[in-house]
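As a plain string of letters, each chain reads:
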Amino acid sequence: MKEIDLHKDLKNDSRVFMPGLFDKDIKNFNVLYIKHNREDKFNCKPFNRKSLYKISLLKGKTRLYYADKTMESDCALLFTNPNIPYSWEHIDSEQTSYFCIFTDDFFEQFVNIKDYPVYKPGNVPLFHLNEEQYVQFENIFRQMLNEITLEFSYKYDSLRAMLLQLILTALKLEPAAYQRYNDSNGSQRISSIFIELLERQFPIESHMQRMELRYPTEFAHQLSIHVNHLNHALKQVTGKTTTQLIAERIMQEARSLLQHTDWNISEIAWCLGFDDLPHFINFFKRSQQLTPKIYRRESNI
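The notes below deal with the structure included here. Everything quoted here is computed from the prediction, not taken from an experiment.

Rules used in this analysis
Residues numbered from 1 in each chain as written. Predicted model: local features only at pLDDT ≥ 70, side-chain atom pairs only at ≥ 80, totals over all residues. Heavy atoms only, no water. Helix = DSSP H or I, 4+ residues; strand = E, 2+ residues; numbered from the N terminus. Buried < 20%, exposed > 50% of the residue type's maximum accessible area, 1.4 Å probe, protein only. Core = buried A, V, L, I, M, F, W, Y, C linked by side-chain atoms within 4.5 Å. Contact = heavy atoms within 4.5 Å. Phe/Tyr/Trp six-rings, centres within 6.5 Å; stacked < 30°, edge-to-face > 60°. Lys NZ or Arg CZ within 6 Å of the ring centre and 35° of its normal.

A few words now on the environment of L198. Examined against the element boundaries, L198 turns out to sit in helix α3 (residues 186-199). The class of L198 is buried, set by a relative accessible area of 3%.

What follows is the structure, given as structure tokens:
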């Protein structure tokens with residue numbers, strides 16, 4: 001079964017209708033339609049990393065993997081965001097899929113998309129649909145597919161309104177129930193997703209960039225699991241606690257920034273999530289037995 005990255009070379013895929021692909025404003029928004037069958041279907045790559053929000057309308061039996069949970073549906077609406085890795089696979093023959101993808105900037109000065117429950121950590125992002133509900137959402141997607149092709153000065157305002165209509169209509173529905181993913185790979189899956197959430201914050205490439213996830217409870221919240229559950233899974237797979245893994249990765253980045261940038265130490269501390277400089281200095285010294293200032297001087301000798 002072929003796996004496809006939804007955001008790579010879709011313009012060359014005969015199964016895909018993506019009218020906004022050649023629009024100069026496509027960097028912030030697009031909508032696409034995919035029809036596939038038993039011989040020619042694709043699955044979403046595991047734990048998609050792209051920094052995009054997505055709304056997916058999926059018809060045909062689909063299985064969603066989300067942290068340590070799994071959900072199945074014959075007809076569903078799925079909301080995903082850049083902070084919660086996931087994957088899904090089609091397990092039926094004939095499938096039809098609509099996707100709307102957009103960035104944070106698409107709603108700049110319009111609404112804060114993160115305020116809506118479908119994009120808040122801890123909420124189930126999948127909604128089961130009956131045939132009538134599916135047609136209702138399909139009509140909105142079809143309107144977007146048409147709208148994005150128009151030569152209309154305000155078409156992206158119109159598309160924002162349609163996208164919000166998708167979200168608000170979904171909020172009137174009951175989210176799908178989920179089951180714990182309880183096979184022998186459950187801890188491995190949690191560990192893999194944790195590492196991805198941690199790693200996607202690096203490298204720090206600007207002194208204006210700051211770690212968003214800094215503490216075990218924040219990672220657990222993103223994964224919709226208890227922090228003890230996260231810690232148990234990581235300990236089982238890596239032999240280290242959540243705190244140890246976070247600290248090791250922060251130290252790795254701290255050493256790199258001290259060696260390869262001319263940023264002052266206060267800037268580096270802020271980028272790595274420390275609210276005050278003494279805290280960072282003590283953290284660094286406990287690991288390296290040197291202050292950041294001395295480490296930088298000795299590394300550049």
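Moving on from the coordinates now.
Quick look at the nonpolar core now. Ranked by size, the top nonpolar core spans 35 residues in total, and within it F29, I55, L77, F102, F141 and I167 carry the most contacts. Where this core is concerned, the elements lending two or more residues are β3 (29-36), β5 (53-66), β6 (69-80), β8 (95-102), α1 (131-147) and α2 (155-170). In terms of residues, this core owes the most to one element, α2, which gives 8 residues. Among residues more than four places away in sequence, those in contact with I167 are I55, F79, I113, Y116, V118 and Y119.

Overall, the coordinates contain 19 aromatic pairs when judged by the stated rule. Centre to centre, the rings of F280 and F284 are 6.0 Å apart; their planes meet at 55°, and the pair counts as tilted. Here F280 and its partner F284 are both found in helix α8 (residues 277-288), 4 residues apart, which amounts to about one turn of the helix. Each member of the pair, F280 together with F284, is buried. An aromatic cluster is present here, built from F29, Y53, F79, F102, F106, F107, F110, Y119, F127 and Y156 joined pairwise through their rings. Note that R160 overlies the ring of F106, its terminal NZ or CZ placed 4.7 Å from the centroid. Positioned above the aromatic ring of Y215, the side-chain terminus of R214 is 5.2 Å from the ring centre.

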